[in-house]
Amino acid sequence: MSTSHSRSSAQKTGSIVRKTWVPIVALGLAFTVTACSPVQTVDDSPQGEDVTSAPIGDQTIVEGGDLVMALSAEPDRLDPTTSSSLYTRYVMQTMCEKLYDIDASGEIVPMLATELPDVSADGLTVTIPVKEDVVFADGTELDAAAVAGTIERGLTLEGSSRKSELGPITAVTAVDSSTVEITYSEPFAPLTAALADRAGMVLSPAALAEKGDAFGDSPVCVGAFKFVERVPQTSITVERDPLYYDAENVHLDTITYRIITDSNIRSANLKSGDVQVADTISTQDVGSLAETDGIGVLQVGSLGYQGLTLNLGNVNGVGTPAEPLGTPLASEATIREALSMSVDREALVSSVFSNWYSPACSPISPSSPFSSAASEACAEYDPAAAKEMLEAAGVTVPFPITMQVSNNPDTLRFAQALQAAVAEGGFELTIAPVEYSTLLDVQTRGDFEALQLGWSGRVDPHGNMFNFLSTGGGNNYSGYNNTEVDDLMTEAASVNDVDERADLYGQAIEIVQEDNPVIYLYRVRSLTAYSTGIAGVETFADGVVHLSHAAFVEAE
Amino acid sequence: MTRYLLTRLWQSAITLILASLVVFIGVRQLPGDPALAMAGEEASPERLAEIRTQLGLDDSLLTQYVNFIGNMLRGDFGFSTRTGTPVTDLIATTLPVTLWLSAYALVVAIVIGIVLGVVAERFRGKWPEWFANGFALIGLSVPNFWLGILAILYLAVTLGWFPASGYVPMAEDPLGAIYHLTLPALILGTGLAAVIMRQTRASMIETMKMDYVRTARAKGLGRGRVLASYGLRNSLIVVVTIVGLQLGGLISGAVVTERIFALPGFGKLTLDAVFTRDYPVIQAVVLIITVGYIIINLAVDILYSVINPKIRVGGSN
């Protein structure tokens with residue numbers, strides 16, 4: 001009894017103490033935490049000026065050192081032939097040089113080739129001159145036969161992701177030790193761009209013979225660095241390759257790619273000095289990072305896009321013939337045009353992404369050499385006119401649309417802003433968030449009315465358009481079907497003149513913008529943050545972070 | 001006893017078969033196509049068809065299940081569809097990380113919880129008790145992921161006391177491993193520390209009012225000695241029980257902590273496998289956890305039967 005009494009009095013005392021102090025402590029803590037959080041203002045954003053490199057310039061290089069880069073996603077198998085992960089390119093960039101690369105202006109330049117390809121008058125024979133006196137990391141000599149073997153592997157290996165990128169090749173021949181000849185059944189202009197990506201990474205024939213399908217477990221190529229180890233889910237480490245032909249311009253001892261999927265944590269690791277480079281910085285963090293002493297930010301417009309795919313005829317899944325869906329949204333181009341006119345892209349990008357991203361109206365990036373006035377044209381933002389168009393079409397206003405989106409915070413914030421924006425134009429957008437893998441499934445099966453997803457982008461516009469917009473295309477999720485667009489894109493892929501191709505793609509985009517199977521919304525910018533204790537980091541329009549010639553530099 | 005053991009083993013085998021069936025079907029009921037997850041944005045119908053053939057997804061469910069069981073029995077868990085790494089290697093590298101992290105967090109939780117619990121009892125109504133109560137409130141109510149981010153910002157970024165990420169295997173560099181695991185263990189152990197603190201405090205308050213404590217004090221034993229030898233020692237029984245009950249929560253809480261600190265643990269492996277629909281990894285991981293539970297339950301049942309023969313009789317009936 002006495003124990004019980006004492007306990008109750010003790011509890012009472014404790015209770016009073018808690019009532020008085022706990023809220024005060026909690027409130028104080030909350031204020032402290034909030035006050036210390038960095039706040040980003042919209043005005044601080046640099047309105048899209050590309051910064052593609054942190055040059056070494058006249059800074060003093062500290063030779064050696066181990067650089068750690070925070071990578072936002074885990075690469076898949078490190079085999080350029082089968083890889084389908086964009087993040088694999090980040091790691092391979094330092095280990096596997098390509099026949100061609102892109103430069104800061106987005107132009108294709110030779111890398112392991114000595115010149116751009118020579119294409120015959122009929123467009124059916126492509127000749128590529130290959131660098132001499134270059135060896136792979138295992139000491140095997142790089143020659144035309146090795147290049148031909150790599151391309152052959154891309155065409156024939158089961159599970160290759162490169163087949164469609166290489167086009168209708170009929171033969172690949174090593175004419176002599178430094179010349180490769182590729183023969184086509186019909187002209188295929190996008191080859192050079194494909195060879196500036198994984199299809200152009202030349203693999204050591206000796207390593208291929210030894211490892212076969214297991215090549216990706218320890219890849220051997222020509223590169224500033226060579227593979228050391230991969231700890232699944234954790235890291236991939238590469239070390240300086242003394243056999244590299246340009247070894248004197250390689251300064252680091254090792255590079256470790258540490259996989260850190262959360263953007264906030266990547267930023268925190270950069271600030272704490274645990275990593276020196278971090279990719280895909282969130283637009284929420286980049287403002288405060290850019291203002292932090294000792295941290296710099298590289299940014300470059302992506303070649304890809306984010307868009308709203310509208311289901312026009314994808315009834316039985318991609319790969320099956322399109323069938324009329326029968327809904328007003330699918331059958332009435334006017335409604336889709338009204339929807340596009342209801343989207344204030346500038347305001348959305350400004351409010352949701354603090355202007356770090358750019359509005360987009362077409363699948364061709366303005367930074368691409370294939371961009372034209374036609375491809376950059378945009379639907380006029382006019383919600384009043386959009387509403388009138390809906391009323392004229394005789395449909396219910398507000399017109400209901402269900403949009404499926406990935407359930408990540410950035411996408412949801414954008415979806416909510418879009419929902420509010422199009423309401424003014426007479427649309428009632430319902431957001432249906434689903435997990436990313438499910439969204440891919442829904443998209444392929446055609447089980448959606450509208451769906452918000454993006455495309456990371458390719459150097460050649462063929463890779464950003466053909467499969468998505470051609471009848472029966474492998475990524476034609478909308479079920480779009482327009483023979484005129486098909487013909488224009490096919491013709492564009494068969495000519496080699498850049499201006500002529502740009503014009504043809506521009507014409508195709510004009511038609512696409514009338515039909516609106518995809519309403520293009522915005523283009524992300526690749527935001528890469530780095531410690532100013534290093535220099536020589538570069539990132540170009542393909543988004544890949546180049547570290548081959550990076551170096552630690554002495555503090556100024 | 002032998003009969004009882006055989007019965008329990010037989011029951012465990014049935015449970016395992018049923019569990020494998022549930023895992024197999026459950027994984028295939030997840031929305032989302034593993035071939036699509038593997039092909040990523042470069043999926044084309046032809047590529048998807050190839051991947052499905054490679055993964056054996058074109059086979060009938062029965063064939064897939066028989067292959068799955070056959071491979072499992074041979075100790076072949078297959079390869080990760082995402083990275084091509086053998087699943088056994090993945091498990092062998094990730095499981096120790098989670099076990100070390102959980103063990104470290106347990107030590108942290110016990111030390112912090114008991115010290116704060118004793119302090120709270122010793123200084124009742126004074127600021128140390130308010131501090132301990134405040135800690136318990138935060139530990140119980142603030143989620144791990146938020147606490148983890150704050151810890152990284154202040155302890156790693158601002159003060160630079162701990163690394164914000166990274167892991168060194170214990171076998172390679174024990175000190176380095178402890179250094180890298182300290183912050184994650186502190187965060188993971190906070191919740192359990194709060195529970196232990198509350199239990200220790202409550203139990204100590206009860207114990208210190210017991211007659212034998214008064215007698216000890218009356219015989220002239222110092223307050224500190226009484227607190228340690230009588231109060232704490234008798235309160236620990238409750239604490240040990242609570243720790244046992246909370247252990248499962250600690251290991252499942254490691255999933256979040258591993259993700260925040262980019263630790264290559266078992267929890268992160270499971271989560272990543274689910275997101276990428278990596279069937280072989282999900283199946284193996286879930287099955288291993290199931291086997292673990294079955295073995296622990298079996299061991300506990302057998303121990304009970306050793307301690308109390310009545311259970312043995314009941315079991316055989």
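Starting from 1, residues in each chain are numbered consecutively following that chain's sequence as written. The lettering of chains begins at A and the numbering of ligands begins at 1, in the order of writing. Only residues with pLDDT of at least 70 get local features here, since the model is predicted, and only at 80 or more are side-chain atom pairs given and counted; chain-wide, interface and lining totals rely on the full set of residues. Just so you know, side-chain values use all the structure's heavy atoms and leave hydrogens and water out.

The helix and strand inventory of chain A stands at 18 helices and 25 strands. Each radius of gyration reported is based on C-alpha atoms, and the globular scaling rule is 2.2 Å times the count of residues to the power 0.38. Against the compact-globule benchmark of 24 Å for 556 residues, chain A has a radius of gyration of 27 Å, which places it among compact chains. The cut-offs for exposure are 20% and 50% of the maximum accessible area for each residue type, with area from a 1.4 Å probe on protein chains only; residues under the lower value are buried, those over the upper are exposed, and the others partly exposed. The buried share of chain A, taken over its 556 residues, is 56%. For chain A, long-range pairs separated by at least 24 residues make up 69% of all intrachain contacts whose partners lie at least 6 apart in sequence. Helix numbering and strand numbering both begin at the N terminus, where a helix is a DSSP run of H or I of at least 4 residues and a strand a DSSP run of E of at least 2. Any two residues having at least one pair of non-hydrogen atoms within 4.5 Å are treated as being in contact.

What follows covers the nonpolar core. In this text, buried Ala, Val, Leu, Ile, Met, Phe, Trp, Tyr and Cys residues form a nonpolar core when linked through side-chain atoms within 4.5 Å. Formed by 114 residues in total, the largest nonpolar core has its most connected members in Leu418 and Phe427 of chain A together with Ile152 of chain B. Ranked by the residues each element gives to this core, the list is headed by helix α8 (residues 174–207) of chain B, at ten residues. Sequence-distant contacts of Ile152 of chain B, defined by excluding residues within four places in its chain, comprise Ile265 and Ala268 of chain A together with Val157, Ala164, Leu183, Ile260 and Phe261 of chain B. Counting residues in each nonpolar core, the second largest holds 65 residues, with Ala146, Phe188, Ala199 and Ile236 of chain A among its members.

The interface of chain B with chain A comprises 51 residues on the first partner and 58 residues on the second. Values labelled buried area give the accessible surface lost by two parts on being combined, using a 1.4 Å probe and summing over both. Taken together, the two surfaces of chain B and chain A that pack against each other cover about 4,500 Å², and 55% of this comes from carbon and sulfur. Salt bridges, as used here, are contacts in which a Lys or Arg side-chain nitrogen is within 4 Å of a carboxyl oxygen on Asp or Glu. Connecting chain B to chain A are one salt bridge. Taking the shortest distance from any N to any O, the salt bridge between Glu435 of chain A and Arg277 of chain B comes out at 2.4 Å.

As a further point, take the sheet that holds strand β7 (residues 125–129) of chain A. The strands making up a sheet are joined through hydrogen bonds of the backbone, oriented either antiparallel or parallel. Residues and elements named next belong to chain A. Strands are labelled as partners when DSSP assigns at least two bridges between them. Ordered by their spatial adjacency, four strands build an open sheet running β6-β7-β9-β8, and the pairing between neighbours is antiparallel. Strands with a single pairing partner mark the edges of an open sheet, and in this sheet they are β6 (118–119) and β8 (169–176). Across the face of the sheet, helix α3 (residues 144–156) comes into contact with β8 and β9 (179–184) while running at roughly 165° to β8. Only C-alpha atoms enter the line fits that serve as axes; for helices the fit covers just the stretch in contact. Angles between N-to-C directions range over 0 to 180 degrees.

What follows concerns a nonpolar patch on the surface. Residues and elements named next belong to chain B. Two distance rules govern patches: like charges are joined within 9 Å, and nonpolar side chains (Val, Leu, Ile, Met, Phe, Trp, Tyr) within 5 Å, applied only to residues with over 30% relative accessible area and no salt bridge. Note on areas: these come from Shrake-Rupley sampling with a 1.4 Å probe, and a residue is covered only by the protein chains present in the view. On the surface, a nonpolar cluster with roughly 340 Å² of combined accessible area is contributed by Trp10, Ile14 and Leu18. Tracing the backbone through its elements, the reader meets Ile14 in helix α1 (residues 2–29). The class for Ile14 is partly exposed, based on a relative accessible area of 35%.

Once that is clear, we can look at a negative patch on the surface. All names here are of chain A. Residues scored as positive are Lys and Arg, those scored as negative are Asp and Glu, and His as well as the terminal groups of each chain are ignored. A single reference atom marks each charge: NZ on Lys, CZ on Arg, CG on Asp, CD on Glu. On the surface, a cluster of negative charge is contributed by Glu337, Glu484, Asp487, Glu491, Asp497, Asp499, Glu500, Asp503, Glu510 and Glu514. If you tally residues by element for the negative patch, the top one is helix α18 (residues 498–515), at five residues. Within the element layout of this structure, Glu514 appears in helix α18.

What follows covers the sheet that holds strand β1 (residues 53–54) of chain A. The three strands lie next to each other as β1-β23-β24 (chain A), forming an open sheet whose pairing is antiparallel. Each edge of the open sheet is held by one strand with a lone partner, namely β1 and β24 (545–546) of chain A.

Now for the packing of aromatic side chains. Side-chain rings of Phe, Tyr and Trp (the six-membered ring for Trp) are treated as a pair once their centres are within 6.5 Å; stacked means planes under 30 degrees apart, edge-to-face means over 60, and tilted covers the remaining angles. Per the stated rule, a full pass over the model turns up 15 aromatic pairs over all chains. Pairwise contacts between aromatic rings join Tyr305, Trp455, Phe468 and Tyr520 of chain A into one cluster. The ring of Phe123 of chain B has Arg122 of chain B lying over it, and the distance from NZ or CZ to the ring centre is 5.0 Å. Definition used: whenever NZ (Lys) or CZ (Arg) falls within 6 Å of the ring centre and also within 35 degrees of the ring normal, the charge is taken to sit over that ring.

Attention now goes to a positive patch on the surface. Residues and elements named next belong to chain B. A surface patch of positive charge is lined by Arg122, Lys126, Arg217 and Arg223. As for its position among the elements, Arg122 is in helix α5 (residues 87–122). Looking at Arg122, the relative accessible area reads 33%, which means it is partly exposed.

Once that is clear, we can look at the environment of Ala156 of chain B. If you trace the backbone, Ala156 of chain B turns up in helix α7 (residues 144–158). Judged by relative accessible area, Ala156 of chain B falls into the buried class, the value being 1%. Between the C-alpha atom of Ala156 of chain B and that of Leu183 of chain B, which follows or precedes it by 27 residues, the distance is 8.7 Å. Setting aside residues no more than four positions away along its own chain, Ala156 of chain B makes contact with Ser272 of chain A together with Ala151, Phe162, Pro163, Ala164 and Leu183 of chain B.

The subject of this paragraph is the packing of helix α10 (residues 333–341) of chain A against helix α13 (residues 383–392) of chain A. Residues and elements named next belong to chain A. Following both chains from N to C, one finds α10 and α13 inclined at 160°, their axes separated by 8 Å at the closest point. Considering their axes alone, α10 and α13 lie roughly antiparallel with respect to each other. α10 and α13 meet at a crossing whose hand is left-handed. Of the residues in α13, those in contact with Thr334, Ile335, Glu337, Ala338 and Met341 of α10 are Pro383, Ala385, Ala386, Met389 and Leu390. Per-class residue counts for the contact of α10 with α13 are eight nonpolar, one polar and one charged. Orientation labels follow simple angle bins: below 35 degrees gives roughly parallel, above 145 gives roughly antiparallel, 65 to 115 gives roughly perpendicular, and whatever is left gives oblique. Crossings are sorted by hand: turned counterclockwise from the far helix by less than a right angle, the near helix makes the crossing left-handed, and turned clockwise it makes it right-handed. Classification used: nonpolar for Ala, Val, Leu, Ile, Met, Phe, Trp, Tyr, Cys and Pro, charged for Asp, Glu, Lys and Arg, polar for all others including Gly.

Residues and elements named next belong to chain A. Disulfides are defined as cysteine sulfur pairs within 2.5 Å. Scanning the entire structure with this criterion turns up two disulfides over all chains. A sulfur-sulfur distance of 1.9 Å marks the disulfide that ties Cys96 to Cys221. On the sign convention where negative is left-handed, the bridge of Cys96 and Cys221, at about 55° about the S-S bond, is right-handed. Placement of Cys96 in the loop between α2 (86–95) and β4 (100–102) and of Cys221 in the loop between α6 (205–211) and β10 (225–231) is noted, with a sequence separation of 125 residues between them. Accessibility classification places Cys96 together with Cys221 in one group, the buried group. What pairs with Cys361 in a disulfide is Cys378, and their sulfur atoms sit 1.7 Å apart. Disulfide Cys361 to Cys378: torsion about the S-S bond roughly -55°, handedness left-handed. Of this pair, Cys361 sits in the loop between β16 (358–359) and α12 (373–376) while Cys378 sits in the loop between α12 and α13, placing them 17 residues apart in sequence. A relative accessible area of 41% means that Cys378 is categorised as partly exposed. Listing the disulfide partners of chain A by sequence rank of the bonded cysteines yields 1-2, 3-4.

The subject of this paragraph is the confidence of the model for chain B. In this model, chain B carries an average pLDDT of 83, and 96% of its residues clear a pLDDT of 70 or more. Across the predicted assembly, pTM comes out at 0.80 and ipTM at 0.71. Along the chain, pLDDT gives the predictor's confidence residue by residue, from 0 to 100.

What follows is about the packing of α7 of chain B against α8 of chain B. Residue and element names in this part refer to chain B. With their axes 10 Å apart at the nearest point, α7 and α8 run at an angle of 145° to one another. Remark: the crossing between α7 and α8 carries right-handed chirality. Each of Asn144, Leu147, Gly148, Ala151, Ile152, Leu155 and Ala156 in α7 lies in contact with α8, whose residues at this interface are Leu183, Ile187, Leu188 and Thr190. Partitioned by chemical class, the residues of the contact of α7 with α8 number eight nonpolar, three polar and no charged.

Here we come to the pairing of β9 of chain A. Residues and elements named next belong to chain A. Pairing geometry for β7 and β9, over five bridges, is antiparallel. Note that in β9 the partner of Ile128 across the bridge is Val180. Strand direction decides the pairing type here: β8 and β9, joined by six bridges, are antiparallel. Bridge pairing in β9 links Asp176 to Thr179. As consecutive antiparallel partners, β8 and β9 are separated by two residues.

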